[in-house]
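Chain by chain, the residues run as shown.
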Amino acid sequence: MFPKKYSNFLFILVMGFSMSLLMTLIITYMNTGIDSGYINRFFKAWVVGLPIAITTALLVGPFAKKFVDKITK
């Protein structure tokens, strides 16, 4: 198990991983359909999308949390 102090970071990693995975699967399907090259196109897109998703979540996450904390009671 991981120490509790890493929970926010781990949450961002898990969310970035899962969201980029699902989004890339769906967007690749919608743009190109499923055929014999689908998996290769998906992985090529995901290799680009995963680091972008995690970096964005790391940068935007703290600001989003502060914003949500301000607009909720």
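The structure under discussion appears in the preceding block.
Procedures and definitions
Residues numbered from 1 in each chain as written. Predicted model: local features only at pLDDT ≥ 70, side-chain atom pairs only at ≥ 80, totals over all residues. Heavy atoms only, no water. Salt bridge = Lys/Arg side-chain N within 4 Å of Asp/Glu carboxyl O. Buried < 20%, exposed > 50% of the residue type's maximum accessible area, 1.4 Å probe, protein only. Patch = residues over 30% accessible without salt bridge, like charges linked within 9 Å, V, L, I, M, F, W, Y side chains within 5 Å. Areas by Shrake-Rupley, 256 points an atom, 1.4 Å probe, with all protein chains shown as cover. Helix = DSSP H or I, 4+ residues; strand = E, 2+ residues; numbered from the N terminus. Expected span 1.5 Å × (residues − 1). Contact = heavy atoms within 4.5 Å.

Colleague: What is the right way to look at the pattern of salt bridges in this model?
Modeller: Charged atoms that come close allow side chains of opposite charge to pair. Throughout the structure, instances matching the rule amount to 2 salt bridges. Note that Arg41 and Asp35 form a salt bridge whose closest N and O atoms lie 3.0 Å from each other. Residue class for Arg41 comes out partly exposed when judged on its relative accessible area of 26%. When the shortest N-O distance is used, the salt bridge between Asp69 and Lys65 registers 3.3 Å.

Colleague: Help me understand a nonpolar patch on the surface, please; the structure alone is not making it clear to me.
Modeller: A grouping of Phe11, Met15, Met19, Met23 and Ile27 is seen on the molecular surface, where their side chains present a nonpolar patch of about 490 Å² in accessible area. Relative to the helices and strands, Ile27 is located in helix 1 (residues 7-32). We classify Ile27 as partly exposed; its relative accessible area is 44%.

Colleague: What am I meant to see in helix 2 (residues 38-71) here?
Modeller: Since the α-helix turns once every 3.6 residues, residues separated by three or four places project in the same direction. If you check helix 2, its first and last C-alpha atoms are just 42 Å apart, much less than what 34 residues at 1.5 Å a residue would give, namely 50 Å. Those residues of helix 2 that sit buried are Tyr38, Phe42, Trp46 and Ile54. Contacts from the buried residues of helix 2 go to helix 1.

Colleague: For this particular structure, what's the right way to read the side chain of Ser20?
Modeller: As for its placement among the helices and strands, Ser20 is situated in helix 1. Using a relative accessible area of 6% as the deciding quantity, one classes Ser20 as buried. Ignoring anything within four residues of it in the chain, the contact list for Ser20 reads Met15, Trp46, Gly49, Leu50 and Ala53.

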